[in-house]
Amino acid sequence: MRDGPSGNGARSHAPVARRLFGTDGVRGVANVHPMTAEMALQLGRALAYVVRNGSHRHRIVIGKDTRLSGYMLEQAIASGISSMGVDVMLSGPLPTPGIAFLTESMRADAGVVISASHNPYQDNGIKFFSRDGFKLPDAVELQIEQLVLGESGLEEFHALRPTATRIGKAKRIDDAIGRYVVFLKSIFPKSLTLDGLTIVVDCAHGAAYHVAPAVFEELGAKVIALNVKPDGKNINDGCGAVHPESMAKAIQKHRAHLGLALDGDADRVILADENGRIVDGDAVMALVGRDLIHQKALAKKTVVATVMSNLGLERALAGAGGRVVRTAVGDRYVVEEMRRSGYNFGGEQSGHLIFLDHVTTGDGVAAGLNVLAVMQREGRPLSELARCFEPVPQALVNVAVKEKRPLSDLPGVAGAIAAVEKALGKDGRVLVRFSGTENKVRVLVEGTDGKRIRAQAEQIAEELRKALG
């Protein structure tokens, strides 16, 4: 499989070709193009121009994670927005889904998140939300990109320079954390409590370091909080969703019932059961999807996942009368398919989980609350609930590349893929795709023999290194 989804139930909604925006906003090394203060200012101006509609005083929410460079970019993009006559509301460090929530609840015209998610602190990124709390569509991001790059030809945009009282102003949202905590607690069923549970929460020194422990504690749990002392440089450093090992060890040390490891902006989560065994996004979609089917609460008995999700997810849901619809990689494409087709639950293997009845984007804390609700309602530990998911062996190899060229232009790579696909037959699949946020190509091989598929993935990876390394 090359450059996109295929197979039964797959949907292909490939991203629009863009130069600044990837699958999750603009991202790169902070203070290096495109993640400079100058670019942030221009992105702010373009966003403000795009959302100006009507005679009301326009407002945009800006939030960030805990990176050192967040201060620089926050001030720059706020300046760009206010220079267009639009007011700014600053939340400070808050999870990405928290910014989406505030944007909608405060009736703002747009939301901005300054974060590079799971990347190291040297990186940063900027992503936008529309007034309804959903990420901006590709077409609108492309419009912003064209304005920033001077390709739109709109004289009005370049000439718009409000003066006097028409210049935008900025203010802090003093109770942003409290608002979001109250919202998250409202997701958890009022008939249930977390009394008697011990929960390990790894906040990755990121945006949820205040929010996540408070939510679980206020619902009754004893919380073992890890990595809640951000210093601007330690975000995601050997911790969080990318490195859940310390979370898993803490579960065993404290005899906890559950562990959650969030990433830097807390829009995704990796869980671990009471034995410290990792439970990824596919397993969560399987157990929660089956629970929703039993409650007759899963719309059209369908879970939306990406092409990266394990075939075991389809098998687990099929056993309960459900099915999987697949999309291109990226939680934005999962959400778009959910909204387009009327589905209410989906996500990614990496831990982006979207409960559309409650939230508009991936939310790690909300996902943890939904899993805990199943555990408490069923009276069963996570290890037992997760047995419904039996993953098919997967081999994933990430290859650093100097450029991104169509795979069809690389005969050696195409030949290697074809050979592996032929060897796998109907018992497996191959997916080769470029990362939307990094200079990497990802090689995924799925099949019945773990050792064999690892060798096959390396075979394809070697051809990629020859062609693009």
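Throughout, residues of each chain are indexed from 1 in the direction in which the sequence is written. Local features in this predicted model are restricted to residues of pLDDT 70 or higher, and side-chain atom pairs are both shown and tallied only at a pLDDT of 80 or more, whereas totals for entire chains, interfaces and linings draw on every residue. Hydrogens and waters are ignored; side-chain quantities use all the structure's heavy atoms.

Caption draft 1: Fine view of the side chain of Arg27. The way it works is that DSSP assigns letters per residue, a run of H or I at least four long becomes a helix, a run of E at least two long becomes a strand, and they are numbered from the N terminus. With respect to the helices and strands, the residue Arg27 is situated in strand E1 (residues 26-29). A distance of 3.4 Å separates the side chain of Arg27 from the side chain of Asp24, its partner in a polar contact. By definition, residues are in contact when any of their heavy atoms lie within 4.5 Å. Leave out the neighbours within four places in its chain, and Arg27 touches Pro34, Met35, Ala116, Ser117, His118, Asn119, Asn124, Gly125 and Thr437. By the criterion applied in these results, polar contacts are pairs of N or O atoms within 3.5 Å in which, for protein atoms, one can donate a hydrogen and the other can accept it, and in which residues neighboring in sequence qualify only through two side-chain atoms.

Caption draft 2: Focus on the nonpolar core. Judged by nonpolar contacts, the single largest core of 73 residues is most densely connected at Leu184, Leu194, Ile199, Phe216 and Leu372. Considering every element that reaches this core, the biggest residue donor is helix H12 (residues 364-378), with nine residues. Setting aside its immediate chain neighbours within four residues, Phe216 contacts Leu194, Ile199, Val201, Ala221, Val223, Leu260, Val365, Leu369 and Leu372. Formed by 34 residues, the second largest nonpolar core is a distinct cluster that contains Met35, Ile60, Ile126 and Val148. Nonpolar cores were defined as sets of buried Ala, Val, Leu, Ile, Met, Phe, Trp, Tyr and Cys residues, with membership established by side-chain atoms within 4.5 Å. With a 1.4 Å probe rolled over the protein chains alone, any residue whose accessible area is under 20% of its type maximum counts as buried; one over 50% counts as exposed, and the rest are partly exposed.

Caption draft 3: Here's a closer look at the sheet that holds strand E8 (residues 222-226). Pairing is mixed in the open sheet, where five strands are placed in the order E8-E7-E9-E10-E11. The strands lining the two open edges of the sheet, one partner per strand, are E8 and strand E11 (278-279). Where strand E9 (residues 258-262) lies against strand E10 (residues 269-272), four bridges are found, and the strand directions are antiparallel. Residue pairing in the sheet places Gly259 in a bridge with Ala272 of E10. Against the sheet, helix H8 (residues 245-254) makes contact with strand E7 (198-202), E8, E9, E10 and E11, and its axis sits at roughly 155 degrees relative to E7, the strand it touches most. Being paired, for any two strands, means DSSP has found at least two bridges between them. Angles shown run from 0 to 180 degrees and are taken between the N-to-C directions of axes, each axis being a line fitted to C-alpha atoms and, for helices, limited to the stretch in contact.

Caption draft 4: Examining the pattern of salt bridges more closely. Think of a salt bridge as a Lys or Arg side-chain nitrogen and an Asp or Glu carboxyl oxygen that are within 4 Å of each other. Scanning all chains against the criterion turns up 27 salt bridges. Across the pair Glu74 and Lys64 runs a salt bridge whose closest N-O atoms are separated by 3.3 Å. Linking Glu74 in helix H2 (residues 70-82) with Lys64 in strand E2 (residues 59-64), this pair joins segments that are ten residues apart in sequence. Across the pair, exposure class does not vary: Glu74 and Lys64 are buried alike. In this structure, the salt-bridge partner of Arg172 is Glu74, at a minimum N-O distance of 3.6 Å. Here Glu74 lies in helix H2 and Arg172 lies in strand E6 (residues 170-172), a separation of 98 residues in the sequence. Given a relative accessible area of 44%, Arg172 falls into the partly exposed group. Each member of the salt-bridge network shares a partner with another, and the members are Asp24, Arg27, Lys127, Lys135, Asp265, Asp267 and Asp331.

Caption draft 5: Fine view of the pairing of E8. In the sheet, E7 pairs with E8 via five bridges, with the strands oriented parallel. Looking at the pairing, Thr198 lines up with Lys222 of E8. Crossovers are marked right-handed if the path from the first strand over the helix to the second runs clockwise, as seen with the strands pointing away from the viewer. For the segment spanning E7, helix H7 (residues 211-218) and E8, crossover handedness is right-handed.

Caption draft 6: Spotlight on helix H14 (residues 411-424). Expected helix span is given by 1.5 Å per residue-to-residue step, counting one fewer step than there are residues. For H14, which comprises 14 residues, the first-to-last C-alpha distance of 20 Å matches the rise-based estimate of 20 Å (1.5 Å per residue) to within 8%. Three or more residues of H14 are buried, namely Val413, Ala416, Ile417, Val420 and Leu424. Angularly, the buried residues of H14 cover 100 degrees about the axis, an arc narrow enough to put them on a single face. Summarising the geometry of H14, the exposed residues directed more than 90 degrees from the buried face are Pro411 and Lys422. Next to the buried residues of H14 lie strand E17 (429-434), strand E18 (440-446) and helix H15 (450-468). The positive-phi residue at the C-terminal boundary of H14 is Gly425, with phi of around 60 degrees. Picture the helix axis, draw a direction to every C-beta atom, and the arc is the one those directions span.

Caption draft 7: Structural view of the packing of aromatic side chains. Pairs were defined over the aromatic rings of Phe, Tyr and Trp, the Trp ring being its six-membered one, requiring ring centres within 6.5 Å. Orientation was assigned from the angle between planes: stacked under 30 degrees, edge-to-face over 60, tilted for the rest. Applying the stated rule across the entire model yields six aromatic pairs. When the centroid spacing of 4.5 Å and the interplanar angle of 15 degrees are considered together, the rings of Phe101 and Phe183 count as stacked. With a gap of 82 residues between them, Phe101 in helix H3 (residues 96-105) and Phe183 in helix H6 (residues 176-187) connect regions that are remote in the sequence. Here Phe101 and Phe183 have matching classes, each one buried.

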